[in-house]
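Spelled out, the chains give:
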Amino acid sequence: MEKFDLNLISQEVDQFKLKKVNYEYLEQFYKYSLNEDLYKYLEFDPFTNLEECEKYILKLINRIKSGQADYRFIFKENILVGLFGFHNYDKKRNSVEYGYGVSPEFQNQGIFKIVTKFFLKELFSKTTIHRIFAITSVENEASKRSLESVGFNYEGCMRDYYLVKDKYVDANIYGIVN
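What comes next concerns the included structure.

What counts and how
- Residues numbered from 1 in each chain as written.
- Predicted model: local features only at pLDDT ≥ 70, side-chain atom pairs only at ≥ 80, totals over all residues.
- Heavy atoms only, no water.
- Axes fitted to C-alpha atoms, helices over the stretch in contact; angles between N-to-C directions.
- Helix = DSSP H or I, 4+ residues; strand = E, 2+ residues; numbered from the N terminus.
- Parallel < 35°, antiparallel > 145°, perpendicular 65-115°, else oblique.
- Left-handed = near helix turned anticlockwise from the far one by under 90°.
- Contact = heavy atoms within 4.5 Å.
- Nonpolar A, V, L, I, M, F, W, Y, C, P; charged D, E, K, R; others polar.
- Salt bridge = Lys/Arg side-chain N within 4 Å of Asp/Glu carboxyl O.
- Buried < 20%, exposed > 50% of the residue type's maximum accessible area, 1.4 Å probe, protein only.
- Pairing = 2+ DSSP bridges.

## Section: the packing of helix H1 (residues 26-33) against helix H2 (residues 50-66)
The interhelical angle for the contact between H1 and H2, taken along N-to-C directions, is 110°, at an axis separation of 9 Å. Judged by the inter-axis angle, H1 sits roughly perpendicular to H2. The two elements H1 and H2 meet at a crossing, and its hand is right-handed. Mapping the contact onto sequence places Leu 26, Glu 27, Phe 29, Tyr 30 and Ser 33 in H1 and Leu 50, Cys 53, Glu 54, Tyr 56 and Ile 57 in H2. Classifying every residue of the contact of H1 with H2 by side-chain character gives 7 nonpolar, 1 polar and 2 charged.

## A word on the pattern of salt bridges
Under the definition given, this model contains 9 salt bridges. Among the ionic pairs, Glu 12 bridges to Lys 17, the shortest N-O distance being 3.3 Å. Given the relative accessible area of 36%, Lys 17 is considered partly exposed. The closest approach of N and O atoms between Glu 122 and Lys 121, which form a salt bridge, is 3.8 Å. Note on Lys 121: relative accessible area 58%, which makes it exposed.

## Here's the deal with the sheet that holds strand S5 (residues 95-102)
Strand pairing in a sheet relies on backbone hydrogen bonds. The paired strands run either parallel or antiparallel. Spatially, the 8 strands line up as an open sheet ordered S1-S2-S3-S4-S5-S6-S8-S7, and their pairing is mixed. A strand with exactly one partner marks an edge of an open sheet, and here the two such strands are strand S1 (12-13) and strand S7 (153-164). Bridge count between strand S4 (residues 79-90) and S5: 7 bridges; the pairing is antiparallel. Paired with Phe 86 across the bridge in S5 is Tyr 98. Lying over the sheet, H1 contacts strand S3 (70-76), S4 and S5, oriented at roughly 95° with respect to S4.

## Description of unusual backbone geometry
Glycine aside, a negative phi is what most residues show, and trans is what most peptide bonds show. Look at Glu 77: it is not a glycine, yet its phi comes out positive at around 50°. Note on placement: Glu 77 falls in the loop between S3 and S4. Despite not being glycine, Asn 94 shows a phi value in the positive range, around 50°. Structurally, Asn 94 can be placed in the loop between S4 and S5. The partly exposed category is assigned to Asn 94, whose relative accessible area is 21%.

Here it is in structure tokens:
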């Protein structure tokens, strides 16, 4: 696989539509981004305006163009409920990092589990990806439980990995292999 590309897989799973990140969904992404609880374990501050959301989408689009990443907005009944993606694709090792976020209003509804199981099945059966890994704050218990519930294994702790509001925070790495 020369470039990492999620177009190789279906763009629907159960009641969810997976839509490639682009400016068409800027307004919906802005609404999604307004909930400050979404940023609890992230390294960056909540977006406060449309321009910040636009810059973030541009960053994701540039990663996609590099061939090292791909991202999907997750929609349920035309409401943006999450942003899932893969980045840091390593062609030699056939590995990629998984990142995800579900709007706090839609958490604990099985979205992560449904979409992640789908991505894992599709990527392992339709691409050369051998290893997928995810990194999460040691403090994010829900994320750790969610990753383990879909088959990711705890691989270790990376000390002082994140810098959040001038404070270093450890991160756990989880992985799954085909």
